[in-house]
Amino acid sequence: MHEAAATPAWVLLAYLISGVCFILALRGLSGPESSRRGNRFGMIGMAIAVVTTLVVHTPRVLGNVDLAVAGQILAAVIVGGTIGLVTARKIQMTAMPQLVAAFHSLVGMAAVLVGAAAYLNPEAFGIAVRITPIASPSIISIFPQSRIEMGLGVAIGAITFSGSVIAFLKLNGNMSGKPILLPLRHVINLGTLVAILGLIAYFTQDQAPWVFFTVAGLSFAIGFLLIIPIGGADMPVVISMLNSYSGWAAAAMGFTLHNSAMIITGALVGSSGAILSYIMCRAMNRSFISVIAGGFGGVSASADAAAIDRPYKRGSAEDAAFLMKQADQVIIVPGYGMAVSQAQHALKEMADKLKAEGVRIKYAIHPVAGRMPGHMNVLLAEANVPYDEVFELEDINSEFAQTDVAFVIGANDVTNPAAKTDKSSPIYGMPVLDVEKARTVLFVKRSMGGVGYAGVDNELFYRDNTMMLLADAKKMVEEIVKALG
Amino acid sequence: MDFISILSIFVLACFVGYYVVWSVTPALHTPLMSVTNAISSVIVVGALIAAAAAGSMSSKWLGLVAVALASVNIFGGFAVTARMLAMYKKRERKDA
């Protein structure tokens, strides 16, 4: 604010244009056709922001461009850029949730580093005044308002970082997906949160290093504590929430630097993540608070242990092939199990064989199928499934009643009819796919022993019109393909 | 810019974000996450300022590390989004 006169108008304009490009990047995602153009807008926006910054803040020594520093910056961009490009090219589509978590952690860390750099050299960011009292060394005093913005930015960035690292470890299988419950965790978390906010308030009075670095340290700790108790199946919410945080961190830094590109972007990303979290919570019929409080799925896992002995019908790949070949319409319901066994390509092959027999194929996607929003759609797209064969829950649910075969592969709780009927069930009220209304349900599952993440038995397994196909998803689909001839 | 102008930009951008994101088709929610990830790396602006500034060595090195981290995200985020979006195809229309 005190630097307003120092920033030329064209710079403000350039950052504004860059912000508008980011809005267009998200707008493009309203449909697959426009999305590719949207992504290019995003790149253009980023290029404008970077070039503008480099022009305004060219490293100088004695009036000339400081080539040594410019070289270091270029080296940092090349090293980071190469790692990014190689990772982006090599990563498997099934590993997308881990990758996104890892990327979130980098944004969080970058925000912390920028905050720390601004704290150590506030004059470079134009957020401080130099006060020179008579007969004593000069003091650099950071504006109180900037201290709050900086403190919040660092805190949110640190939470994003450590939370995303834990999310990454859980998604990547380095850490158990089961919730880890510490005693008194709510008290500890709330206490830490209050301490962080209190210290940021105190920071306006005293800009001592210990205040700044304690805020950062406590924020790292709370990010870790917040995600540890959340189970693997709640990851779609967690990953959306961290997405949101990475945006708020960028926005807070934008306030510190008075940079409209950062503020616009931060607001966009922040609301995007918040909306995705809301959609995921709604799809599980759970409140955001209860997800964040954590612990879901670890409690009632053994409640229905006796139910495993109930009679069910078991089928073979040949039975499945025969049933589907006779069908007019087959709806495929994929879930996380399909991702785990990488069955999407085999599944597409099966669908093609069936289409050649004159069977109509559709895919039904539950919003929380998989480990992140849109996870199943990406995997199906990777296997070349045309996106106009893929339907959302509300668009296809009424069709199961007129469908001959529902082919459930690697999904469980999202098909459980107990969510509609059994008030005592932990998933009661969650919107589910009405697969049981199809004439026949083929249910691909590794074994009868395991239950879904909610730890509830699925009534569907024991119905007369259900045939269990017990095997690894990919293996079973490959066998069906063989049986189809 | 004074605080109120900045705050106005922020609040209005939140509203824009709200409406734009609701118009994103659910099938593209994963690319939405990866592209928002890439653009939130606009924080690189702050990192560049720190890396280019004279005055504090530690601040400069923190800036350089932040530039590298943000670059991973920028290049990786846009590239992986482009890779995903290229996979979304329409059904091939058969000539009847």
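Quick caveat, the model's predicted, so the values are computed rather than measured. (Residues numbered from 1 in each chain as written. Chains lettered and ligands numbered in written order. Predicted model: local features only at pLDDT ≥ 70, side-chain atom pairs only at ≥ 80, totals over all residues. Heavy atoms only, no water.)

Draft legend 1. View of the overall build of chain A. A tally of regular secondary structure across chain A gives 17 helices and 10 strands. C-alpha atoms of chain A, sized along the principal axes, occupy 90 × 50 × 35 Å. Across the 485 residues of chain A, 57% fall into the buried class. Across chain A, the fraction of contacts at a sequence separation of at least 24, relative to all contacts at a separation of at least 6, is 76%. Counting every atom, chain A has about 19,300 Å² of accessible surface; 63% of that belongs to carbon and sulfur. Put simply, chain A has 34 plus and 33 minus side-chain charges, and the middle of one group is 3 Å from the middle of the other. (Helix = DSSP H or I, 4+ residues; strand = E, 2+ residues; numbered from the N terminus. Buried < 20%, exposed > 50% of the residue type's maximum accessible area, 1.4 Å probe, protein only. Contact = heavy atoms within 4.5 Å. Areas by Shrake-Rupley, 256 points an atom, 1.4 Å probe, with all protein chains shown as cover. Lys, Arg positive; Asp, Glu negative; His and termini not counted. Charge placed at Lys NZ, Arg CZ, Asp CG, Glu CD.)

Draft legend 2. Examining the overall build of chain B more closely. Scanning chain B from N- to C-terminus turns up four helices and zero strands. When the helices and strands of chain B are read in sequence order from the N terminus, they spell out α-α-α-α. Whereas a compact globule of 96 residues would reach a radius of gyration of roughly 12 Å, chain B reaches 19 Å, over 25% beyond that. A principal-axis box enclosing the C-alpha atoms of chain B has dimensions of 70 × 30 × 15 Å. When the 96 residues of chain B are sorted by exposure, 60% land in the buried category. Taking the intrachain contacts of chain B between residues at least 6 apart in sequence as the baseline, contacts between residues at least 24 apart amount to 61%. If you sum the accessible surface of chain B, you get close to 3,800 Å²; carbon and sulfur atoms cover 70% of it. (Rg over C-alpha atoms; globule rule 2.2 N^0.38 Å.)

Draft legend 3. Summary view of the interface of chain A and chain B. On the chain B side, the residues contacting the 102 residues of chain A number 82 residues. Of the roughly 8,200 Å² buried between chain A and chain B, counting both surfaces, carbon and sulfur atoms make up 77%. Counting across the chain A and chain B interface gives zero salt bridges. At the surface where chain A touches chain B, the tally comes to 19 residue pairs in polar contact (both at pLDDT 80 or more). If you list the elements that add at least two residues to the side of chain A that touches chain B, you get α1 (9-27), α2 (32-56), α3 (67-90), α4 (96-120), α5 (144-171), α8 (235-257), α9 (260-284) and α14 (375-382) of chain A. When the residues that make up the side of chain A that touches chain B are grouped by side-chain class, the tally is 66 nonpolar, 27 polar and nine charged. (Buried area = accessible area lost by both parts, 1.4 Å probe. Salt bridge = Lys/Arg side-chain N within 4 Å of Asp/Glu carboxyl O. Polar contact = N/O pair within 3.5 Å; in protein donor to acceptor, adjacent residues only side chain to side chain. Nonpolar A, V, L, I, M, F, W, Y, C, P; charged D, E, K, R; others polar.)

Draft legend 4. The arrangement of the packing of aromatic side chains in detail. Inspection of every chain in the model, using the stated rule, returns 15 aromatic pairs over all chains. Taking the centre distance of 5.9 Å and the plane angle of 40° together, the rings of Y119 of chain A and F203 of chain A count as tilted. With Y119 of chain A in helix α4 and F203 of chain A in helix α6 (residues 185-203), this pair connects stretches of sequence that are 84 residues apart. Residue classification places Y119 of chain A among the buried residues on the basis of a relative accessible area of 9%. The exposure class of F203 of chain A is buried, given its relative accessible area of 2%. Put simply, the rings of Y119, F203, F212 and F213 of chain A touch in pairs and so form one group of aromatic residues. Just above the ring of Y336 of chain A sits the side chain of R371 of chain A; from NZ or CZ to the centre is 3.7 Å. The residue whose ring lies beneath K60 of chain B is W61 of chain B, and the NZ or CZ to ring-centre distance is 5.6 Å. (Phe/Tyr/Trp six-rings, centres within 6.5 Å; stacked < 30°, edge-to-face > 60°. Lys NZ or Arg CZ within 6 Å of the ring centre and 35° of its normal.)

Draft legend 5. Examining the packing of α1 of chain A against α9 of chain A more closely. Residue and element names in this part refer to chain A. Two elements in contact, α1 and α9, have axes whose closest approach is 7 Å; the angle formed by their N-to-C orientations is 20°. When the axis of α1 is compared with that of α9, the two are roughly parallel. Here the hand of the crossing between α1 and α9 comes out right-handed. Residues L12, Y15, L16, S18, G19, F22, I23 and L26 of α1 form the contact with α9, whose participating residues are S260, A261, I264, T265 and L268. Each residue belonging to the contact of α1 with α9 can be placed in one class, and the counts come to nine nonpolar, four polar and no charged. (Axes fitted to C-alpha atoms, helices over the stretch in contact; angles between N-to-C directions. Parallel < 35°, antiparallel > 145°, perpendicular 65-115°, else oblique. Left-handed = near helix turned anticlockwise from the far one by under 90°.)

Draft legend 6. Layout of the packing of α6 of chain A against helix α7 (residues 209-227) of chain A. Residue and element names in this part refer to chain A. At a closest axis distance of 9 Å, the pairing of α6 and α7 adopts a crossing angle of 155°. Classified by the angle between their axes, α6 and α7 sit roughly antiparallel to one another. As α6 runs across α7, the sense of the crossing is left-handed. Contact residues: α6 offers I188, N189, T192, L193, A195, I196, L199, I200, Y202 and F203, while α7 offers W210, V211, F212, T214, V215, L218, S219, I222, L225 and L226. Taken together, the residues of the contact of α6 with α7 break down into 16 nonpolar, four polar and no charged.

Draft legend 7. Inspection of the nonpolar core at higher detail. Grouped together as the largest cluster of nonpolar side chains are 191 residues, with contacts concentrated most on M324, L347, M350, F407, I409 and I480 of chain A. Not counting the four nearest positions on each side in its chain, F407 of chain A is found in contact with M324, V330, I331, I332, V333, L347, M350, L442, V444, L469, V477 and I480 of chain A. (Core = buried A, V, L, I, M, F, W, Y, C linked by side-chain atoms within 4.5 Å.)

Draft legend 8. Representation of the sheet that holds strand β8 (residues 405-409) of chain A within the structure. All names here are of chain A. Spatial strand order, β7-β6-β5-β8-β9-β10: six strands in an open sheet with parallel pairing. Two strands in the sheet have a free side with no partner beyond their single neighbour: β7 (390-392) and β10 (466-470). If you compare each strand with its neighbour and ignore which way they point, the axes differ by 25° on average. Of the pairings in the sheet, the one linking strand β6 (residues 360-365) to β7 comprises three bridges and is parallel in character. The residue bridging A364 from the neighbouring strand is F391, located in β7. Across the sheet, helix α11 (residues 317-326) is in contact with β5 (329-334), β8, β9 (440-445) and β10; its angle to β9 comes to roughly 145°. Lying over the sheet, α14 contacts β5, β6 and β7, oriented at roughly 145° with respect to β6. (Pairing = 2+ DSSP bridges.)

Draft legend 9. Quick peek at the confidence of the model for chain B. Averaged over every residue, the pLDDT of chain B is 90; residues scoring 70 or more account for 95%. Under the prediction, the complex receives an ipTM of 0.93, its pTM being 0.89. (pLDDT = per-residue confidence, 0-100.)

Draft legend 10. Spotlight on the pattern of salt bridges. Residue and element names in this part refer to chain A. Tallying each qualifying case throughout the model produces 11 salt bridges over all chains. Among the salt bridges present, the one from K348 reaches D352, with a minimum N-O distance of 3.0 Å. Of this pair, K348 and D352 both sit in helix α13 (residues 344-356), four residues apart, roughly one helical turn. Taken together, the shared-partner salt bridges in this structure form one network comprising K420, D434, E436 and K437.

Draft legend 11. Main features of the confidence of the model for chain A. All names here are of chain A. Per-residue confidence for chain A averages 88 on the pLDDT scale, and 94% of its residues sit at or above 70. Here residues 1-5 is a poorly scored stretch, pLDDT under 50, and it has seven contacts once near neighbours within four places are set aside; other chains count. Here residues 297-306 scores under 50 on pLDDT; set against residues more than four positions off or in separate chains, the count is eight contacts.

Draft legend 12. Looking closely at the environment of A473 of chain A. All names here are of chain A. Secondary-structure assignment places A473 in helix α17 (residues 473-484). Between the C-alpha atom of A473 and that of V444, which follows or precedes it by 29 residues, the distance is 6.2 Å. A473 has contacts with G337, S341, A343, I409 and V444, leaving out every residue within four places of it along the chain.

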